[in-house]
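Residues per chain are reported as follows:
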Amino acid sequence: MYHLNITDFFNRINPVQIFILATFLNGVFNLKWQNKQHFFLLLVLFEGLITEVFSVTLRCLKMHLLLLYSISFIFYHLIWLLIITNTNELKSWRKIILSSFITFGIVNLFFIEKTGLNNLTFIVGALIYISLFLYFSYHQLNQENLSYFTKNEYLLLFIPIIFFFGYSFMFGFRNSDIIHVIIYKNIDLYIFVGYFGNIVYYSLANLYIYKERKSSVNHEH
């Protein structure tokens, strides 16, 4: 029978997971649920937090984590695709993009990588998002809308880019010795990229939340 030890649970929590929790709470108190983009960002932050809570819990119970992360990849990328396809330039593609990704994620989960870590779901989702982001950025440049690149709306779309690049690289070379190269002491490349990607990701999310809060306060005055 599995037994969860609370002390063991808290001992397994790392600084990045604390940062994830702090970012989610920052979003809860400073973002507006009525704003669609704010709502989606809160969803993705909540999804990240719940995944980490379950991952720590499963580690305490000595249970497998792969299925948790495989399912998480589908929801995680789906929310970010909802965010980027909420822009006017990409709305007409939304149904095709979302349905295609969901179909691939489900097929991969049940017929391709199955109970193994669904690396392909993450990589495909990341490539779709990055491609849409590059197309959207090119469209703004083509329209000579240079001021848009300094707006908070663009920062929101940029938040997961480095995270997606980093983990896609790691998953792409998962069978190579390169990800096990030691960077410093007992920290290998995989751990380094994971920590770096998460720190940048949640730092940008906090910056976005701060700028949205600041903008809201200025409008009130």
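None of the values given here were measured: they were computed from a predicted structure. (Residues numbered from 1 in each chain as written. Predicted model: local features only at pLDDT ≥ 70, side-chain atom pairs only at ≥ 80, totals over all residues. Heavy atoms only, no water.)

Considering the packing of helix α4 (residues 66-84) against helix α8 (residues 161-172)
One way to put it is that α4 packs onto α8 with a least axis distance of 14 Å and a crossing angle of 145°. At the point where α4 passes α8, the crossing takes the left-handed sense. For the pair α4 and α8, contact is made by F73, Y76, H77 and W80 and by F163, F164 and F171, respectively. (Axes fitted to C-alpha atoms, helices over the stretch in contact; angles between N-to-C directions. Helix = DSSP H or I, 4+ residues; strand = E, 2+ residues; numbered from the N terminus. Left-handed = near helix turned anticlockwise from the far one by under 90°. Contact = heavy atoms within 4.5 Å.)

Structural notes on the pattern of salt bridges
Within this structure, the stated rule accounts for 1 salt bridge. Here D8 ties to R12 by a salt bridge, and the two come within 3.1 Å at their closest N and O atoms. Classification of R12 by relative accessible area gives partly exposed; the value is 33%. (Salt bridge = Lys/Arg side-chain N within 4 Å of Asp/Glu carboxyl O. Buried < 20%, exposed > 50% of the residue type's maximum accessible area, 1.4 Å probe, protein only.)

Digging into the environment of L67
For L67, the location among the structural elements is in helix α4. Separated by 63 residues in the primary sequence, L67 and L4 have C-alpha atoms spaced 20 Å apart.

Here's the deal with the packing of aromatic side chains
If you walk through the whole model with that rule in mind, you get 31 aromatic pairs. Centre to centre, the rings of F39 and F40 are 6.1 Å apart; their planes meet at 50°, and the pair counts as tilted. Residue classification places F39 among the partly exposed residues on the basis of a relative accessible area of 31%. Its relative accessible area of 11% is what places F40 among the buried residues. Seen in terms of ring centroids, Y167 and F171 are 5.8 Å apart; in terms of plane orientation they differ by 40°. Their pairing is tilted. Of this pair, Y167 and F171 both sit in helix α8, 4 residues apart, roughly one helical turn. Each member of the pair, Y167 as well as F171, is classed as buried. (Phe/Tyr/Trp six-rings, centres within 6.5 Å; stacked < 30°, edge-to-face > 60°.)

Limitation: the analysis is restricted to geometry and does not speak to function.
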